[in-house]
Amino acid sequence: METKYWDLKKNPRQAMEEAAALVRAGEVVAFPTETVYGLGADGLNGAAVARIFAAKGRPVDNPLILHVARKEQVETLTTGLSASARALIETFWPGPLTVVVPKAPCVPDETSAGLDTVAVRMPSHPVANAFIAACGCPIAAPSANLSGKPSPTNAADVAEDMDGKIAGILDGGSCGIGVESTVVDTTSPIPTILRPGGITREMLENLLGAVDIDPALAGNPALRPKAPGMKYRHYAPAAPLYLYEGDEAPLCLARAAERAAAKGVRAGILCDAVTARSLRERLGRNPSFLILSWGRGKADLAENLYTLLRDFDRFHPQLILGMGVDEGGMGLAVMNRLRKAAGFHILQARDGVVTVQGGTGFPDYLLAE
Ligand code: TXA
Ligand code: MG
């Protein structure tokens, strides 16, 4: 299939109409949101939704989020909203928050993966909103990556995964937030975060009081996540990623990098700007090392994480060493993605010692002092 490409800087109205016409005809079109790019199709048309699963290679037991252009549209997709769902929608829509609600019969099993609930969100990105409104139906849309790869945050990354597999790509530039929406189950007595994301736990607690976090997110393989998608190895770069956490993570990561360099290992390093600068001084110009900085704070890390993981793939390192951040604010979402990308290979660096917190098979030079 030839994938049409629309640059929204040129003739946006015509692009939007062409893209919406394709969706109404049952095709799949990628579009930007404030979190990541989505792969959209008519969410009430089971055959159209099946095309999304085929394009992504997505397991059929992983349900999709329905995207709406107006808050009231959610009423047609559910048999009833709880008080917490109403408060969340009122406060955080449009924005990076997805609510899981009881599903109305009009939602096909293809979209909800046979569950009796459905996930709904109203994005705040102007292109997403105009596109959904032009389509005139709720848009089922997962992130626009091949299943298992990092989510795309710009149109070139979408094309890398989806060229030839979907009808078109609406290019609206880079996504601002960079990690996916927060998914909250509003059907349980205490609202529960199934996937941390753009709306922080603190923001939810300010509004609702107590909020739970699905205990399966901590990586215990004996627990089954309530969001089916969270059980898959996701966001993963091709090379193994080892994550340094704790107060002394920057220092211990730098020492490990020096030992790796001495052994001639080809490595990627993911860290903040300050650590990157000092590492470049310590290591000098070394073509076996790709040091990528996410910038300064956690918002920069969220915005750049997925593009950086894709950059590492192009460098073909033997391994990647990453630096963690604390879990406050956006830290919860980015650490969830980073720990999953690392397959829960985590090293704790504090009080002058590095200890393995999770995972096996660490190269000894990552640990030895
Ligand atoms: O920011 C986002 O949410 C992006 C953009 C495109 O809107 N979309 C996105 O969709 O990340 P996706 O399909 O990659 O992730 C949706 C997550 C999956 O983990 C899925 O299992 C979960 O939401 N989910 C969907 N419906 C659910 C339901 N009824 N109950 C529990 N989890 C659900
Ligand atoms: Mg996804």
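Residues numbered from 1 in each chain as written. Chains lettered and ligands numbered in written order. Predicted model: local features only at pLDDT ≥ 70, side-chain atom pairs only at ≥ 80, totals over all residues. Heavy atoms only, no water.

## Section: the site of ligand 1
Phase 1: Close to ligand 1 lie 29 residues, the nearest being Thr35, Asn62, His67, Ser181 and Gly229.
Phase 2: Between ligand 1 and Ser181, the relevant distance is 2.6 Å, taken from an oxygen atom to a side-chain nitrogen or oxygen of the residue.
Phase 3: A distance of 2.7 Å separates an oxygen atom of ligand 1 from a polar atom in the backbone of Gly229.
Phase 4: Coverage of ligand 1 by the protein chains reaches 97% of its 690 Å² of free accessible surface.
Phase 5: Those elements that place two or more of their residues in the shell around ligand 1 are strand S4 (65-67), strand S6 (117-121) and strand S10 (192-195).
Phase 6: Looking at which element gives the most residues to the shell around ligand 1, the answer is S6, with four residues.
Phase 7: Partitioned by chemical class, the residues of the shell around ligand 1 number 16 nonpolar, eight polar and five charged. (Near = heavy atom within 4 Å. Polar contact = N/O pair within 3.5 Å; in protein donor to acceptor, adjacent residues only side chain to side chain. Areas by Shrake-Rupley, 256 points an atom, 1.4 Å probe, with all protein chains shown as cover. Helix = DSSP H or I, 4+ residues; strand = E, 2+ residues; numbered from the N terminus. Nonpolar A, V, L, I, M, F, W, Y, C, P; charged D, E, K, R; others polar.)

## Comments concerning the sheet that holds strand S13 (residues 267-271)
Phase 1: The sheet built from six strands is open, its strands ordered S14-S13-S15-S12-S16-S17 with mixed pairing. Pairing within the sheet leaves two strands with one partner each, and these edge strands are strand S14 (289-293) and strand S17 (353-358). Strand-to-strand, the axes of this sheet are offset by a mean angle of 20 degrees, without reference to chain direction.
Phase 2: The sheet contacts of helix H8 (residues 249-262) involve strand S12 (241-245), S13, S14, strand S15 (319-323), strand S16 (346-350) and S17, and relative to S15 the element is tilted by about 160 degrees.
Phase 3: The sheet strands contacting helix H10 (residues 298-315) are S13, S14 and S15, and the helix crosses S14 at an angle near 170 degrees. (Pairing = 2+ DSSP bridges. Axes fitted to C-alpha atoms, helices over the stretch in contact; angles between N-to-C directions. Contact = heavy atoms within 4.5 Å.)

## Considerations on the packing of helix H1 (residues 12-24) against helix H5 (residues 126-135)
Phase 1: Remark: H1 packs on H5, axes separated minimally by 8 Å, with the N-to-C direction vectors making an angle of 50 degrees. Classified by the interaxial angle, the pair formed by H1 and H5 is oblique. For the pair H1 and H5, the crossing hand works out as right-handed. Contacts from Met16, Ala19, Ala20, Val23 and Arg24 in H1 reach Val127, Ala130, Phe131, Ala134 and Cys135 in H5.
Phase 2: Taken together, the residues of the contact of H1 with H5 break down into nine nonpolar, no polar and one charged. (Parallel < 35°, antiparallel > 145°, perpendicular 65-115°, else oblique. Left-handed = near helix turned anticlockwise from the far one by under 90°.)

## Side note on the pattern of salt bridges
Phase 1: Here the structure, examined in full by the defined rule, presents 21 salt bridges.
Phase 2: A salt bridge links Arg314 to Asp157; the nearest nitrogen and oxygen atoms lie 3.6 Å apart. Separated by 157 residues along the polypeptide, Arg314 in helix H10 and Asp157 in helix H6 (residues 155-162) bring together distant segments of the chain.
Phase 3: In this structure Arg314 comes out as partly exposed when scored by relative accessible area, which is 44%.
Phase 4: On the basis of relative accessibility, which here comes to 6%, the residue Asp157 falls in the buried class. (Salt bridge = Lys/Arg side-chain N within 4 Å of Asp/Glu carboxyl O. Buried < 20%, exposed > 50% of the residue type's maximum accessible area, 1.4 Å probe, protein only.)

## Comments concerning the packing of helix H3 (residues 83-92) against helix H7 (residues 201-208)
Two quantities define a packed helix pair, namely the angle between the axes and the distance from one axis to the other.
Phase 1: For the pair H3 and H7, interaxial distance at closest approach is 10 Å and the crossing angle is 120 degrees. Taken as axis vectors, H3 and H7 run oblique relative to one another. Along this stretch, H3 crosses H7, giving a crossing that reads as right-handed. Between H3 and H7, the residues in contact are Ser84, Ala87, Leu88, Thr91 and Phe92 and Met203, Leu204, Leu207 and Leu208, respectively.
Phase 2: A breakdown of the residues in the contact of H3 with H7 according to their chemical character gives seven nonpolar, two polar and no charged.

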